[in-house]
Each structure stands twice: as structure tokens, then as C-alpha cells.
Amino acid sequence: MKTQRTLDLHGVKHEDVEKELVDFFFWYSQEFRNTKIITGNSSTMQKIVTEWLDGYDFKYYIPSNNLGI
């Protein structure tokens with residue numbers, strides 16, 4: 001069974017989010033499946049993350065019971 005990886009972006013400045021995503025997905029993480037990204041309730045943060053994921057054709061979903069993930 002593969003473990004879930006988590007990237008918590010709480011406290012990360014908006015201008016640093018893309019670097020955190022690149023580091024996490026392309027440098028530190030060897031397995032992309034079952035990854036949780038915690039954005040918090042910032043709509044700007046969520047937009048930055050979803051646009052970045054879309055740019056690399058990652059598949060994702062946002063659970064309706066917790067929009068900060």
C-alpha cells in the first residue's frame with residue numbers, strides 16, 4: 001500500500017507557491033498518486049495551485065466537504 005504524501009502550504013507566500021510545488025513534485029516526491037495539497041481557505045492560493053496542476057496535466061479533485069484541500 002502506498003502512503004499518502006502531503007504538501008501543506010499554510011504560511012507560504014503566494015509568490016513562493018510555484019517553487020514549493022516544483023520542489024515537492026519534481027525534486028522530493030517520487031510518487032504523485034494519492035497526494036494531498038493543503039491550501040487553506042485562500043481562494044488566491046487555491047487558484048495558483050489548480051492553475052499550476054492544470055499546466056502540468058495533473059488530475060485532481062477538490063472534496064466538497066473541505067475546500068482547503
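Residues numbered from 1 in each chain as written. Predicted model: local features only at pLDDT ≥ 70, side-chain atom pairs only at ≥ 80, totals over all residues. Heavy atoms only, no water.

## Description of a nonpolar patch on the surface
Together, Phe26, Trp27 and Tyr56 make up an exposed nonpolar region whose accessible area comes to about 380 Å². By the secondary structure assignment, Phe26 is in helix 1 (residues 17-28). (Patch = residues over 30% accessible without salt bridge, like charges linked within 9 Å, V, L, I, M, F, W, Y side chains within 5 Å. Areas by Shrake-Rupley, 256 points an atom, 1.4 Å probe, with all protein chains shown as cover. Salt bridge = Lys/Arg side-chain N within 4 Å of Asp/Glu carboxyl O. Helix = DSSP H or I, 4+ residues; strand = E, 2+ residues; numbered from the N terminus.)

## Side note on the environment of Phe25
Its place among the elements puts Phe25 in helix 1. Placed 18 residues apart in sequence, Phe25 and Leu7 show a C-alpha to C-alpha distance of 9.5 Å.

## Quick word on the environment of Glu15
Inspection of the secondary structure puts Glu15 in the loop between strand 1 (5-8) and helix 1. The exposure class assigned to Glu15 is exposed, which follows from its relative accessible area of 62%. In the structure, Glu15 is positioned 30 residues away from Met45 in sequence and 9.7 Å away in space, judged by C-alpha atoms. (Buried < 20%, exposed > 50% of the residue type's maximum accessible area, 1.4 Å probe, protein only.)

## Section: unusual backbone geometry
The residue Asp57 is not glycine, and still its phi comes out positive at about 60 degrees. Its location among the elements puts Asp57 in the segment after helix 2 (43-55).

These values are about where atoms sit, not about what they do.
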